[in-house]
Amino acid sequence: MDILFFGGSFDPVHNGHENILRTALNYKKFDKIIVMPVGSPGHKPSCKAPFPVRKYLVEQAFSDIGVELLVSDFEGNSREKSYSYLTVDYLKSVYPQATIYFIIGADSAINMKSWARWQYLAGQVTFLVFAREYDEDDLLTAAVKEIQQYSPDTAIIRSQVIPVSSTQLRNTAAAGGDISGLVDGKVSALIEKYHLYADDFYERNIGTAQLLIPLMLREKRAQHTFNVAKLAVQFAEKYGVDTQKAYLCALLHDIMKQQPDRIMLHRAQQSDIIEKIAAKPMPVLHGFAAADFARREMGIEDEEILMAIKSHTCGRRNMSNLEKIIYLADMLSEERDFPEKEPLLALAWTDLDIAMEQALKDSINWLKEKGGAIDSDSYEALEYFTTLNHGGNCNG
Ligand SMILES: [Fe+2]
Ligand SMILES: [Fe+2]
């Protein structure tokens, strides 16, 4: 089995990438293409668009490439900075019989010696070095010769270079310019519709979240999310809270809810003090994981937003009005049905603190009946709102 491997930021994928892929496909027939967008293992995003969006755009752009395509999550889910040799080790473990053809640019080939464990890596793969059609480059020829000592079939593949870069594309998109000639039609339509590279914080992040929801949540959970967002905005209007902030928090509050436990847990662990996370019941961790996603994948640094996403299931002392709104909107969204809903909704329209006290009581009671674990933050929050509302009389 011959696998063509192509890694990069793909922020966003563009016609230059497609040209490289098609040049490789002209060089040789492949059984499978694996495209691997980089992840964001650091504190700040390494890319403007979050991983699931970049992945989806790649899938759209290469959907008619004519060879079986897999856009891999491996680096997207990685907790650490990924090195190519580790990625290739992973591919070899999944496809032990395969020959892996690894696309790199001419610059990468020339600088191969700066790559971690490059001789080992070269021993595992065959590089296809993409270069400009008429370039006679002694440096490149010499570099490829050296690589061939470890990877004898490494070859230079040549084509006209399409003059487009992701940076230039992002800038053009941010300025509202036309990018339709530089990227796949489906990709440009998505970038435009969801404002994926807009300069404005809310325009970009709200649009991005709207695209992420159907990519990361099944239909019922997605519908719940949009219902929460609608109610959160109504509460925000009533209580003088920034409606865009409330809308964005609500769109992201459950974004990690349907991810595998392993991924949810590692994101939650990165979101807060590790001991605090360790003491929390599993069902509340998706809020913490979502806050980590918002920070690392979307670059959202606003602590008020992150806190409202974190506390939406468990609550806490000293909740801001934004946090109360997200907590209550989550509990009272249109599709939910439980006996105490109507009186609680009436309270939420009257007084956020009284409503929070009742909401916490209701959810603690519900968890007790169900035998579910109760987060200590929820007890503390109930005590806090009870004291706030009744001046210290816990039975009041
Ligand atoms: Fe939730
Ligand atoms: Fe929710």
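Residues numbered from 1 in each chain as written. Chains lettered and ligands numbered in written order. Predicted model: local features only at pLDDT ≥ 70, side-chain atom pairs only at ≥ 80, totals over all residues. Heavy atoms only, no water.

Quick notes on the environment of alanine 355
The condition that has to hold: Comment: elements are numbered from the N terminus, with helices defined as DSSP H or I runs of at least four residues and strands as E runs of at least two. We call a residue buried when its accessible area falls under 20% of the maximum for its residue type, exposed when it is over 50%, and partly exposed in between, using a 1.4 Å probe and counting protein chains only. We call two residues contacting when some pair of their heavy atoms lies within 4.5 Å.
Structurally, alanine 355 can be placed in helix H18 (residues 352–370). Here alanine 355 falls in the buried class, since its relative accessible area comes to 0%. In this structure the C-alpha to C-alpha distance between alanine 355 and isoleucine 213, which are 142 residues apart in sequence, comes to 28 Å. When residues no more than four places from it in sequence are discounted, the contact partners of alanine 355 are Leu328, Leu344, Leu347 and Ala348.

Notes on the coordination of the iron ion (ligand 1)
Formally: Here a donor is an N, O or S atom found within 2.8 Å of the metal, or within 3.2 Å if the metal is Na, K or Ca; sites may look incomplete because water is not among the atoms.
Coordination of the iron ion (ligand 1) by the protein comes from Asp254 (OD), His286 (NE2) and His312 (NE2), over a distance range of 2.1 Å. Spacing between the donor residues of the iron ion (ligand 1) along the chain follows D-x31-H-x25-H. Metal-to-metal, the separation of the iron ion (ligand 1) and the iron ion (ligand 2) is 3.4 Å; aspartate 254 coordinates the two. Taken together, the residues histidine 286 in helix H14 (residues 285–298) and histidine 312 in the loop between helix H15 (303–310) and helix H16 (321–332) connect sequence positions 26 residues apart. Across the pair, exposure class does not vary: histidine 286 and histidine 312 are buried alike.

Topic: the coordination of the iron ion (ligand 2)
Definition in use: Every angle between 85 and 135 degrees makes a four-donor site tetrahedral, while opposite donors more than 155 degrees apart, with all other angles between 65 and 115, make a four-donor site square planar and a six-donor site octahedral; other sites are irregular.
Coordination sphere of the iron ion (ligand 2), protein contribution only: His224 (NE2), His253 (NE2), Asp254 (OD) and Asp330 (OD), at 2.1 to 2.2 Å. Here the iron ion (ligand 2) binds four donor atoms, and the angle range of 85 to 179 degrees at the metal identifies the geometry as irregular. Histidine 253 gets classed as buried once you look at its relative accessible area, which sits at 0%.

Focus: the sheet that holds strand S1 (residues 2–8)
This is how the line gets drawn: Note: two strands are recorded as paired if DSSP finds a minimum of 2 bridges between them. Only the stretch in contact is used when fitting a helix axis, every axis being a line fitted to C-alpha atoms; angles between N-to-C directions are given from 0 to 180 degrees.
Strand order in this open sheet of six strands is S3-S2-S1-S4-S5-S6, and the pairing throughout is parallel. Only two strands of the sheet have a single partner each, and these edge strands are strand S3 (69–71) and strand S6 (155–159). For this sheet, the mean inter-axis angle between neighbouring strands, taken without regard to orientation, is 25 degrees. Across six bridges, the pairing between S1 and strand S2 (residues 32–37) is parallel. Along S2, the bridge assignment pairs phenylalanine 5 with isoleucine 34. Its contacts with the sheet put helix H3 (residues 84–94) on S1, S2 and strand S4 (99–105), and the angle it makes with S4 is roughly 155 degrees.

A word on unusual backbone geometry
The amide bond that connects aspartate 11 to the next residue, proline 12, takes the cis arrangement and shows omega of 0 degrees. In this structure, proline 12 sits in the loop between S1 and helix H1 (15–27). Positioned with a positive phi, phenylalanine 10 is a non-glycine residue whose angle comes to about 50 degrees. In this structure, phenylalanine 10 sits in the loop between S1 and H1. Since its relative accessible area comes to 2%, phenylalanine 10 is described here as buried. One non-glycine residue with positive phi stands out, namely arginine 117, at about 50 degrees. Note that arginine 117 resides in the loop between helix H4 (106–110) and helix H5 (118–124). Residue class for arginine 117 comes out partly exposed when judged on its relative accessible area of 46%.

Comments concerning the packing of H15 against H16
In plain terms, the rule: Geometric relationships in this document are graded by angle, where less than 35 degrees denotes roughly parallel, more than 145 denotes roughly antiparallel, 65 to 115 denotes roughly perpendicular, and other angles denote oblique. Crossing handedness: left-handed means the near helix sits turned counterclockwise from the far one by under a right angle, and right-handed means the same turn made clockwise. Charged residues are taken to be Asp, Glu, Lys and Arg, nonpolar residues to be Ala, Val, Leu, Ile, Met, Phe, Trp, Tyr, Cys and Pro, and polar residues to be all remaining types, Gly included.
Between H15 and H16, the least distance of the axes is 9 Å, while the angle of their chain directions is 30 degrees. It follows from the interaxial angle that H15 and H16 lie roughly parallel. Where H15 crosses over H16, the two elements pack in a sense that is right-handed. Judged by residue contacts, Glu304, Ile305, Met307 and Ala308 of H15 engage Leu322, Glu323 and Ile326 from H16. Residues that form the contact of H15 with H16 fall into these classes: five nonpolar, no polar and two charged.

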